[in-house]
Amino acid sequence: LEIPAPIISRLEPPTNSLVTPLLTDLYQITMAYAFWKTNRHLDRAVFELFFRKNPFRGEYTIFCGLDEVLRHLGNFKFSSDDLAYLRQCPSLQH
């Protein structure tokens, strides 16, 4: 799914304000940092949205909420407090 940048920049914020960029796995943040350090941060990147197993012993899953995922991505940015915390992470101090 490819969404043009002008559309993403006009997305409303996510419904749940408690979902912040720091809920991202530190591995993903480390990889994004590596892209930035190697001057590849403007290159196209691909990511996956997944979970490890079907809940409640189910045989199938119905995905709902793609609009929330897109809202989160369209509004994804670290606050100054987030950046201060990340500067203290050993894996990001290179």
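Above: the structure in question.
Fair warning: this is a prediction, and the values are worked out from it, not measured in the lab.

Next up on the list: the environment of T15. Relative to the helices and strands, T15 is located in the loop between α1 (5-9) and α2 (26-37). Accessibility expressed as a relative area gives 61% for T15, which makes it exposed. Sequence separation between T15 and D67 is 52 residues, and the spatial gap between their C-alpha atoms is 9.9 Å. When sequence neighbours within four positions are dropped, the list of residues in contact with T15 reads E68 and R71.

What follows concerns the packing of aromatic side chains. A complete count under the given rule lists 2 aromatic pairs for this structure. Taking the centre distance of 5.4 Å and the plane angle of 80 degrees together, the rings of F76 and F78 count as edge-to-face. By relative accessible area, which is 28% here, F78 ends up partly exposed. The ring of F35 is capped by R40, whose NZ or CZ atom sits 4.6 Å from the centre of that ring.

Rules of the game
Residues numbered from 1 in each chain as written. Predicted model: local features only at pLDDT ≥ 70, side-chain atom pairs only at ≥ 80, totals over all residues. Heavy atoms only, no water. Helix = DSSP H or I, 4+ residues; strand = E, 2+ residues; numbered from the N terminus. Buried < 20%, exposed > 50% of the residue type's maximum accessible area, 1.4 Å probe, protein only. Contact = heavy atoms within 4.5 Å. Phe/Tyr/Trp six-rings, centres within 6.5 Å; stacked < 30°, edge-to-face > 60°. Lys NZ or Arg CZ within 6 Å of the ring centre and 35° of its normal.

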